[in-house]
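# Structure at a glance
Below, each chain spelled out in residue letters.
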Amino acid sequence: MTFSERLLTIGALALAFAVTANVSATESAAAPAPDKSPAHAVCEQAVVSPVSGFAECVKPRGAPVAPAPKRPDASSAGSIAPAPDPSPTH
């Protein structure tokens, strides 16, 4: 590679870096500032984490999640009837 080819390559790389940095700075400057912090935002969409079993807000991420409403028959929900006694009753 000759000196002029090296110089051209370095110049092209410097130009590409400058353009990339300029585009990145322009995009970050053009991004609107968030109106609310996640702690004060209202959760629009939540999912239950399979790891913790608790609801986590995903839209906007980190917003507090209101507790789920109580089920009307929560005391017997999921209960299983006891097995019959196998001993004879005579």
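Our structure's up above, just so we're on the same page.
First things first, this report covers the structure right here in the doc. Given the structure is predicted, the values throughout are model-derived calculations rather than measurements. (Residues numbered from 1 in each chain as written. Predicted model: local features only at pLDDT ≥ 70, side-chain atom pairs only at ≥ 80, totals over all residues. Heavy atoms only, no water.)

Let us look at the overall build of the chain. Across its full length, the chain carries 1 helix and 2 strands. Along the chain, from the amino end to the carboxyl end, the secondary structure elements read α-β-β. Per-residue burial for the chain yields a buried fraction of 4% across its 90 residues. By element, 65% of the accessible surface of the chain is carried by carbon and sulfur atoms, the whole surface being about 8200 Å². (Helix = DSSP H or I, 4+ residues; strand = E, 2+ residues; numbered from the N terminus. Buried < 20%, exposed > 50% of the residue type's maximum accessible area, 1.4 Å probe, protein only. Areas by Shrake-Rupley, 256 points an atom, 1.4 Å probe, with all protein chains shown as cover.)

For the structure on display, the rule yields 1 disulfide. A disulfide bridge connects Cys43 with Cys57, and the sulfur atoms are separated by 2.3 Å. On the sign convention where negative means left-handed, the S-S torsion of about 105° between Cys43 and Cys57 marks this disulfide as right-handed. Of this pair, Cys43 sits in the loop between helix H1 (3–30) and strand E1 (45–48) while Cys57 is found in strand E2 (residues 55–59), placing the two residues 14 residues apart along the sequence. Given a relative accessible area of 22%, Cys43 falls into the partly exposed group. Looking at Cys57, the relative accessible area reads 5%, which means it is buried. (Disulfide = S-S within 2.5 Å.)

As for its placement among the helices and strands, Ala68 is situated in the segment after E2. Residue Ala68 is classed as exposed on the basis of its relative accessible area of 66%.

With omega at -10°, the peptide bond leading from Lys59 into Pro60 counts as cis. In this structure, Pro60 sits in the segment after E2.

Considering the arrangement of structural elements, one finds Ser49 in the loop between E1 and E2. Excluding its chain neighbours within four sequence positions, the residues that come into contact with Ser49 are Phe54 and Glu56. (Contact = heavy atoms within 4.5 Å.)

What follows deals with the pairing of E1. Across 4 bridges, the pairing between E1 and E2 is antiparallel. Pairing of Ala46 across the sheet is with Cys57, part of E2. The turn joining E1 and E2, which pair antiparallel and follow one another in sequence, is formed by 6 residues; a positive phi near 80° is taken by Gly53. (Pairing = 2+ DSSP bridges.)

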